[in-house]
Amino acid sequence: MSPPAPAEVEALDRADPLAHTRERFDLPAGVVYLDGNSLGALPRAVAARVSSAIAQEWGRDLITGWDEAGWWELPVTVGDRIGRLLGAAPGQVVAGDSTSVNLYRLVRIALGLRPGRRRLVTEEGNFPTDHYLLRQVGGSDLAVVRREQLRDALDGETAALVLTHVDYRSGARHDLAALTKAAHAAGALAVWDLSHSVGAVPLALDDDGVDLAVGCSYKYLNGGPGAPAWSYVARRHHATATSPIPGWIGHADPFAMEPEYRPAAGIRRLLAGTPAVLGLAALDAALDAFDGVTLDALRAKSLALTDLFLELVDARVGLPTITPRRRADRGSQVSLCHPDAPAVMGTLISRGVIGDVRPPDVLRFGFAPLYVRFVDVWRAVEVLADVVSSGRRG
Ligand SMILES: *Cc1c(COP(=O)(O)O)cnc(C)c1O
């Protein structure tokens, strides 16, 4: 079968139920942006919201903004909006801090919830920050195994299985429900890093029985550079979850200024310091881009984009991919291998097709379903084919 012709690709955009959400973004003309898995594009609603948070809320409301402008509640109100994309009922997600800090906190919480067990299990090739933290927290009881060995590594000593759902390098996607079940069968908790999933891949954390989860907000959630990350703690663990960073904002009564720490009820106990209000305001406005969009619609568009990209690359470029061909095993990115990956990507970017590279030889292309069009996929492969076949790089 021959790959789709340009006219057929344009027809895909016309028939796309998510075609209208691209207008919710401010994208530079002439650019094909396939790096939304690293830094999401700018949603139009953000600039006005941030400038009003500065001029009106901060400038005029001054300290009353904590109550009047809802600053105090932002970590939880924004958390609940992210929760919809996680399949999490309200009251289980807080926004704040970075993914690294949040993962450290949750892994310590997981160890606290499984007294007598010390082992943490993760896989080779997990994101570096995850490895660094797990090595520090797990010490000699950290088991780093290959993907195929994960289930066998879970035993009666295991406190938690800690995994990234969609691999940042290959785009391979774990079976989150099945691995969560396997962890539980061993009496362990399941802790998921959803940085490359949220906003692009459907999630059902409550239904799947996930215990704890973290993720970024500057990737598919489009919260902007350094946007506050988020943490999910299943409600059944709230009463017993003990944060290793007992800050005053997570206290049951912060303004009582009590000498002893008492954790707040519910998810607020994860908070430590004063929330980053301006970053949360930007993220809150960014999440408007998901209004009225179902997780099924996101997934359908994401798969259609990655399918088309793979099909066109096979037909016109012929580079090998490390991204699974089976749809169920794929996130929302496609990674191709080329020995000269940095130079190839440099040339692509100079020609208006933006992706990124990961060592040693991976060209990464992310497909954000809210704003990437099918014609963008076509254009990206056209330029890639030219760059790879002509050898003109640099
Ligand atoms: C992007 C990413 C992070 C980033 O962590 P920060 O602390 O927000 O910089 C962490 N883990 C994974 C799996 C990621 O993909």
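Scope of this entry: the structure provided in the associated data block. (Residues numbered from 1 in each chain as written. Predicted model: local features only at pLDDT ≥ 70, side-chain atom pairs only at ≥ 80, totals over all residues. Heavy atoms only, no water.)

1. Description of unusual backbone geometry
How we decide: Strands here are runs of E lasting at least two residues and helices are runs of H or I lasting at least four, both read from the DSSP assignment and numbered beginning at the N terminus.
Note the cis peptide between Pro359 and Pro360, where omega equals 0°. Along the chain, Pro360 falls in the loop between strand E11 (356-358) and strand E12 (362-366). Of note, Asp97 is a non-glycine position whose phi angle comes to about 60°, a positive value. Along the chain, Asp97 falls in the loop between strand E2 (93-95) and helix H5 (99-113). One non-glycine residue with positive phi stands out, namely Asn222, at about 60°. Secondary-structure assignment places Asn222 in the loop between strand E7 (212-215) and strand E8 (230-233).

2. What about the sheet that holds strand E9 (residues 333-337)?
The line we're drawing: Strands are labelled as partners when DSSP assigns at least two bridges between them. The axes are straight lines fitted to the C-alpha atoms, using for helices just the contacting stretch, and the angles between their N-to-C directions are given from 0 to 180°. The criterion used for residue contact is that any of the two residues' heavy atoms lie within 4.5 Å.
Spatially, the three strands line up as an open sheet ordered E9-E12-E11, and their pairing is antiparallel. A single partner strand is all that each edge strand has here, and the edge strands are E9 and E11. For this sheet, the mean angle separating the axes of adjacent strands, direction not counted, is 35°. In this structure, E11 lies alongside E12, joined through three bridges in antiparallel fashion. Looking across to E12, one finds that Asp356 is bridged to Arg364. The sheet strands contacting helix H12 (residues 341-350) are E11 and E12, and the helix crosses E12 at an angle near 40°.

3. Comments concerning a nonpolar patch on the surface
We count it as follows: Like charges are joined within 9 Å and nonpolar side chains (Val, Leu, Ile, Met, Phe, Trp, Tyr) within 5 Å, but only among residues with over 30% relative accessible area and no salt bridge; these make up the patches. In short, Shrake-Rupley with a 1.4 Å probe defines the accessible areas, and a residue's cover is counted only from the protein chains shown. Throughout this description, the term salt bridge denotes a Lys or Arg side-chain nitrogen within 4 Å of a carboxyl oxygen of Asp or Glu.
A cluster of nonpolar side chains, Ile54, Trp58, Leu62, Ile63 and Leu278, forms an exposed patch at the surface whose accessible area comes to about 530 Å². Along the chain, Leu278 turns up in helix H10 (residues 277-286).

4. Let's talk about the nonpolar core
Worth spelling out the cut-off: Remark: nonpolar core denotes a set of buried residues (Ala, Val, Leu, Ile, Met, Phe, Trp, Tyr, Cys) joined through side-chain atoms within 4.5 Å. The buried label goes to any residue with under 20% of its type's maximum accessible area, the exposed label to any with over 50%, and the partly exposed label to all in between, with areas taken from a 1.4 Å probe on protein chains only.
Ranked by size, the top nonpolar core spans 86 residues in total, and within it Leu86, Trp230 and Phe365 carry the most contacts. Sort the elements by how many residues they give to this core and helix H13 (residues 374-390) lands first, with nine residues. Residues Leu106, Ala159, Ile267 and Leu271 belong to the second largest nonpolar core, which totals 28 residues.

5. Considering the packing of H12 against H13
Defined as follows: Orientation labels follow simple angle bins: below 35 degrees gives roughly parallel, above 145 gives roughly antiparallel, 65 to 115 gives roughly perpendicular, and whatever is left gives oblique. Crossings are assigned a handedness: left-handed for a near helix turned anticlockwise from the far helix by less than a right angle, right-handed for a clockwise turn.
At a closest axis distance of 10 Å, the pairing of H12 and H13 adopts a crossing angle of 130°. When the interaxial angle is binned, H12 and H13 end up oblique. Crossing of H12 against H13: the hand is right-handed. For the pair H12 and H13, the contacting residues are Val344, Thr347 and Leu348 in the first and Val383, Leu384 and Val387 in the second.

6. Re the environment of Thr77
Within the secondary structure, Thr77 is located in helix H4 (residues 74-86). Given a relative accessible area of 38%, Thr77 falls into the partly exposed group. Linking Thr77 and Ala264, residues 187 residues apart in sequence, is a C-alpha distance of 16 Å.

7. So, H13
As a reminder of what qualifies: Expected helix span is given by 1.5 Å per residue-to-residue step, counting one fewer step than there are residues.
Taking 1.5 Å per residue as the helical rise, H13 with its 17 residues ought to reach 24 Å, and the 24 Å between its terminal C-alpha atoms agrees with that figure. Along H13, the residues classified as buried are Phe374, Asp376, Val377, Trp378, Ala380, Val381, Val383, Leu384, Ala385 and Val387. With its phi angle positive at about 70°, Gly391 sits one or two positions after the end of H13.

8. Focus on the environment of Ile54
By the element assignment, Ile54 lies in helix H2 (residues 45-61). Remark: the alpha-carbon pair of Ile54 and Val107, spanning 53 residues in sequence, is separated by 35 Å. Once residues within four sequence positions are removed from consideration, Ile54 is found in contact with Gly59 and Leu278.

9. Remarks on the pattern of salt bridges
Evaluation of the coordinates by the stated rule reveals 24 salt bridges. The shortest N-O distance in the salt bridge between Arg44 and Asp26 comes to 3.9 Å. Here Asp26 lies in the loop between helix H1 (6-14) and strand E1 (32-33) and Arg44 lies in the loop between E1 and H2, a separation of 18 residues in the sequence. Given the relative accessible area of 43%, Asp26 is considered partly exposed.

10. Some details on the site of the ligand
Just so we agree on the cut-off: Throughout, the term near means that a residue has one or more heavy atoms lying within 4 Å of the molecule or strand in question. Whenever a nitrogen or oxygen atom comes within 3.5 Å of another N or O atom, the pair is scored as a polar contact, on the condition that within protein one atom can donate a hydrogen and the other can accept it, and that pairs from neighbouring residues in sequence are kept only if both atoms are in side chains.
What surrounds the ligand is a group of 13 residues, the closest being Ser100, Asp130, Asp193, His196 and Lys219. Here Asp193 contributes a side-chain N or O atom positioned 2.8 Å from a nitrogen atom of the ligand. Side-chain polar atom of His196 to an oxygen atom of the ligand: 3.1 Å apart, as the coordinates give it. Burial of the ligand by the protein chains amounts to 88% of its free accessible area of 390 Å². Looking at the shell around the ligand, the elements with two or more residues in it are H5 and helix H6 (128-138).

11. Some details on H2
Let me state the cut-off plainly: Each residue is assigned a bend, namely the angle between axes fitted to the seven residues that terminate at it and the seven residues that start at it.
Taking the largest bend as the criterion, H2 deviates by roughly 30°, centred on Ala53. For H2, every residue scored as buried is listed here: Val46, Ala53 and Glu57. Contact partners of the buried residues in H2: H10. Note on H2: the residue one or two positions beyond its end, Leu62, has a positive phi of about 50°.

12. Regarding the pairing of strand E4 (residues 142-145)
Worth spelling out the cut-off: When the strands point away from the viewer and the connection leading from the first strand across the helix to the second strand turns clockwise, the crossover is called right-handed.
In the sheet, strand E3 (residues 119-123) pairs with E4 via four bridges, with the strands oriented parallel. Counterpart to Glu123 in the pairing with E4 is Val145. For the crossover from E3 across H6 to E4, the handedness is right-handed.

13. Things to note about the side chain of His238
One can find His238 in the loop between E8 and H10. Polar contacts involving the side chain of His238 include one to the main-chain carbonyl oxygen of Val233, which spans 2.8 Å. Sequence-distant contacts of His238, that is, excluding residues within four places in its chain, are made with Gly91, Gln92, Val233, Gly266, Ile267 and Arg269.

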